[in-house]
Amino acid sequence: MQKFTKLSGIAAPMPLVNIDTDMIIPKQFLKTIKRSGLGVNLFDEMRYDDDRNEIADFVLNKPQYREAQIIVAGDNFGCGSSREHAPWAIADFGITCVIAPSYADIFYNNCFKNGILPIVLPQEQVDALMADAEKGANARIEVDLEAQTVTSSDGDVFAFEVDAFKKHCLLNGLDDIGLTMEKAASIDTFEATAGAARPWV
């Protein structure tokens, strides 16, 4: 998993509440077990019409937001079913940070396991960043995980809270497998000892 330390990127404004996981990645794309290739179908039913043509007024189809790395969204982002494909699709598109007033718990935790930083800020601060994001590609928002700050293009700084363990994992690029591999030497020692004590196993 990629480390997350600092990010300076374009933010896409999505001023909707209750953006659920079926909106993020519709059910017909859940057949794969690969984390790659889902970005093209992120927000599929909002991005494309029935003939697979792009819907021009959807934010991620606008030229200034095609390279967005941050989403600024409304309350209860990631609600609905607990599909891990949702953060997979977000990450595969190239978005590594979401800023919202609140999240569904399972989606929130899945973000950290997939290299995405979900930031919780009060509504008034989200509103300020939403207005900043609406300026387009010239307005870059900066996120500093170590300092736990978000800085708008105008220089306004907002502090956010994050669990210390989740922060450690993101800063060091550790998903569940990476955390396990940190204990590889201990696991090898245990297996060798157990094998010697019970060679019939």
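Scroll up a little and you will see the structure.
None of these values were measured; they are calculated from a predicted model.

Participant: Whenever I open this one, the side chain of Asp 44 confuses me. Can you help?
Facilitator: With respect to the helices and strands, the residue Asp 44 is situated in helix 2 (residues 44-47). On the accessibility criterion, Asp 44 (4% relative accessible area) is buried. The residues contacting Asp 44, other than those within four sequence positions of it, are Met 23, Pro 26, Phe 29 and Arg 52.

Participant: Would you take a moment to explain the side chain of Arg 47 for this structure?
Facilitator: Summarising the element assignment, Arg 47 is placed in helix 2. Here Arg 47 occupies a buried position and makes no salt bridge, while the nearest side chain of opposite charge, Glu 54, is found at 5.2 Å. Only 3.0 Å separates the side chain of Arg 47 from the backbone oxygen of Gly 39, close enough to count as a polar contact. Of note is the side chain of Arg 47, whose polar atom sits 3.2 Å from the backbone oxygen of Val 40.

Participant: Sorry if this is basic, but what is going on with the environment of Glu 142 here?
Facilitator: Within the secondary structure, Glu 142 is located in strand 5 (residues 140-144). Taking the relative accessible area as the measure of exposure, Glu 142 reaches 43% and is therefore partly exposed. The sequence separation of Glu 142 and Asp 22 amounts to 120 residues, and the corresponding C-alpha distance is 29 Å. Contacts of Glu 142, omitting those with residues within four sequence positions, involve Leu 7, Ser 8, Thr 149, Val 150 and Thr 151.

Participant: When you look at the packing of aromatic side chains in this model, what are you seeing that I'm missing?
Facilitator: One pair of aromatic rings is described through two measures. These are the centre distance and the angle between the planes. All chains considered together, the criterion is met by six aromatic pairs. On the basis of an interplanar angle of 75 degrees and a centroid distance of 6.3 Å, the ring pair of Phe 77 and Tyr 103 is categorised as edge-to-face. In this pair, Phe 77 sits in the loop between strand 2 (70-73) and helix 3 (85-93) while Tyr 103 sits in the loop between strand 3 (97-100) and helix 4 (105-113), placing the two residues 26 residues apart along the sequence. The buried category is assigned to Tyr 103, whose relative accessible area is 9%. Note on Tyr 108 and Phe 112: the rings are 5.1 Å apart at their centroids and 75 degrees apart in plane angle, and the pair reads as edge-to-face.

Participant: Quick question: what am I supposed to make of the environment of Leu 171 here?
Facilitator: Counting through the fold element by element, Leu 171 comes out in helix 6 (residues 164-172). For Leu 171, a relative accessible area of 16% gives the class buried. Measuring from C-alpha to C-alpha, the distance between Leu 171 and Glu 146 comes to 7.7 Å, with 25 residues separating the pair along the chain. Filtering out sequence-adjacent residues up to four positions away, Leu 171 remains in contact with Lys 3, Phe 4, Thr 5, Leu 145 and Glu 146.

Participant: What is the right way to look at unusual backbone geometry in this model?
Facilitator: For residues other than glycine, phi is negative in most cases, and the peptide bonds are mostly trans. One non-glycine residue, Arg 52, lies in the positive phi region at around 70 degrees. Relative to the elements of secondary structure, Arg 52 occurs in the loop between helix 2 and strand 2. Judged by relative accessible area, Arg 52 falls into the partly exposed class, the value being 44%. Although it is not a glycine, Asn 76 sits at a positive phi angle of roughly 65 degrees. Within the secondary structure layout, Asn 76 lies in the loop between strand 2 and helix 3. Relative accessible area serves as the criterion here: at 26%, Asn 76 is assigned to the partly exposed category.

Parameters and conventions
Residues numbered from 1 in each chain as written. Predicted model: local features only at pLDDT ≥ 70, side-chain atom pairs only at ≥ 80, totals over all residues. Heavy atoms only, no water. Helix = DSSP H or I, 4+ residues; strand = E, 2+ residues; numbered from the N terminus. Buried < 20%, exposed > 50% of the residue type's maximum accessible area, 1.4 Å probe, protein only. Contact = heavy atoms within 4.5 Å. Lys, Arg positive; Asp, Glu negative; His and termini not counted. Salt bridge = Lys/Arg side-chain N within 4 Å of Asp/Glu carboxyl O. Polar contact = N/O pair within 3.5 Å; in protein donor to acceptor, adjacent residues only side chain to side chain. Phe/Tyr/Trp six-rings, centres within 6.5 Å; stacked < 30°, edge-to-face > 60°.

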